[in-house]
Amino acid sequence: MWRRVVSLSSFISSSRTSFVAQTASRLNTCESLTTGIAQQAKGVIAPKEKTPFITFVLGGPGSGKGTQCIKIVETFGFTHLSAGDLLRREIASNSADGAMILNTIKEGKIVPSQVTVKLIQKDMESSDNDKFLIDGFPRTEENRVSFDQIISVEPNVVLFFDCPEEEMVKRVLNRNQGRVDDNLETIKKRLQVFEALSLPVINYYSQRGKLYTIKAIGTEDEIFEQVRPIFTAFELHAAG
Ligand SMILES: Nc1ncnc2c1ncn2[C@@H]1O[C@H](COP(=O)(O)OP(=O)(O)O)[C@@H](O)[C@H]1O
Ligand SMILES: Nc1ccn([C@H]2C[C@H](O)[C@@H](COP(=O)(O)OP(=O)(O)O)O2)c(=O)n1
Ligand SMILES: [Mg+2]
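Residue indices begin from 1 for each chain and proceed along its sequence in written order. Written order decides the labels, with chains lettered from A and ligands numbered from 1. Confidence filtering applies because this is a predicted model: local features only for residues at pLDDT of at least 70, side-chain atom pairs given and counted only at 80 or more, and all residues used for totals across whole chains, interfaces and linings. Note that water and hydrogens are dropped before the side-chain values are worked out from all heavy atoms of the structure.

For the protein, an unreviewed UniProt entry supplies the name UMP-CMP kinase and the organism Hibiscus syriacus. UniProt positions are given in the numbering used here, feature names are shortened, and annotations may be inferred rather than shown by experiment. The UniProt entry for the protein carries the following text under Function (unreviewed entry): "Catalyzes the phosphorylation of pyrimidine nucleoside monophosphates at the expense of ATP. Plays an important role in de novo pyrimidine nucleotide biosynthesis. Has preference for UMP and CMP as phosphate acceptors." Its UniProt record gives the protein a comment under Subunit (unreviewed entry), which states: "Monomer."

Shown next as structure tokens:
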């Protein structure tokens, strides 16, 4: 199970002091370490574990994010967390936020970040995997900052499926999954939201050298051949 890493280094104090002070400090350090280990054993502090490998999957509605995520999971063994699927699951389970989420999605708007990040966090923490594809997130700067504050892990890779609007509209209208937001009126709103709120997030990761832009036209297999080398370069090998 992946949990947020708690570093033992915070228990170790600076040693640029006199010999007496150093000795005292070492004794304190030993005591602190013992306390730290005892707290871990009691489950007060999560055990030190590997930082997860995070991939954010971005792109407009219908750009093929979900389709490519299935291929990435099959090939590289990631756990796929679709923000949209997590929110639809909340609606279906009649949770307290269900009605608010449904109305927001129908309007083509973005659900408050706190709600979405908590759902992602819950699934990450209950997973045995340490490689996550987070699909359709972060869609806004608010989403991005909220993930940073709550989960405190930076993405290793940000994929951007770059697709012409015309093609995205055609694909969404043909998707046939019975979604309340797959109609022309809502799609127009979603495309406006994508341009106004999601493109700044894409630019943010581009400036930090984390963005991998995929030309999202062609067959599903052709598109995947642009995706594959990105993960191979990180030495993430085929799922066994
Ligand atoms: N390369 C492609 N060419 C044509 N249709 C595609 C392609 N990739 C996905 N689709 C179809 O387009 C629709 C939207 O794809 P999806 O993966 O759900 O996109 P997103 O998750 O970005 O909204 C689906 O019906 C899917 O089968
Ligand atoms: N980070 C997110 C992701 C999705 N949502 C809401 C608003 C989106 O229009 C819907 C559907 O998202 P989803 O990723 O499933 O949509 P597409 O796969 O891009 O068509 O969910 C959100 O509010 N915040
Ligand atoms: Mg999708």
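1. Section: the site of ligand 2
Around ligand 2, a shell composed of 18 residues is seen, among which Lys65, Arg88, Val111, Arg139 and Arg190 lie nearest. In protein, a polar contact requires one atom able to donate a hydrogen and another able to accept it; more generally it is a pair of N or O atoms within 3.5 Å, and residues adjacent in sequence count only if both atoms are side-chain atoms. Within the backbone of Gly136, one N or O atom sits 3.1 Å away from a nitrogen atom of ligand 2. Within the contact set of ligand 2, an oxygen atom lies 2.8 Å away from a side-chain nitrogen or oxygen of Arg190. Throughout, the Shrake-Rupley method with a 1.4 Å probe supplies accessible areas, and for residues the shown protein chains are the sole cover considered. Across the complex, the protein chains shield 96% of the 520 Å² of accessible surface that ligand 2 would expose by itself. With four residues, the top contributor of residues to the shell around ligand 2 is helix α3 (residues 83-92). Near is defined per residue: the residue qualifies when any heavy atom it owns lies within 4 Å of the molecule or strand. Numbering of helices and strands runs from the N terminus, with a helix taken as a DSSP run of H or I at least four residues long and a strand as a DSSP run of E at least two residues long.

2. Let's talk about the UniProt feature "binding site: CMP" (unreviewed entry) in the protein
In the numbering adopted here, UniProt assigns the feature "binding site: CMP" (unreviewed entry) to Asn143. Checked against the element boundaries, Asn143 lands in helix α6 (residues 141-150). Pairs of residues are marked as contacts when any of their non-hydrogen atoms sit within 4.5 Å. Ignoring anything within four residues of it in the chain, the contact list for Asn143 reads Ile110, Val111, Ser113, Val117, Phe137 and Pro138.

3. Description of the packing of aromatic side chains
When the centres of two rings from Phe, Tyr and Trp lie within 6.5 Å, Trp using its six-membered ring, the rings pair. Their planes under 30 degrees apart give stacked, over 60 give edge-to-face, and anything left gives tilted. Under the criterion given, the structure shown has 10 aromatic pairs. Considering the side-chain rings of Phe53 and Phe78, the 6.0 Å spacing of their centres and the 70 degrees angle between planes classify their relative orientation as edge-to-face. Here Phe78 lies in the loop between α2 (65-76) and β2 (79-82) and Phe53 lies in strand β1 (residues 53-59), a separation of 25 residues in the sequence. The class of Phe78 is buried, set by a relative accessible area of 3%. Here the aromatic rings of Phe137 and Phe147 are separated by 5.7 Å at their centres, their planes lie at 55 degrees, and the arrangement is tilted. Per-residue accessibility, obtained with a 1.4 Å probe over protein chains only, is compared with the maximum for each type, and a residue is labelled buried under 20%, exposed over 50%, and partly exposed between these values.

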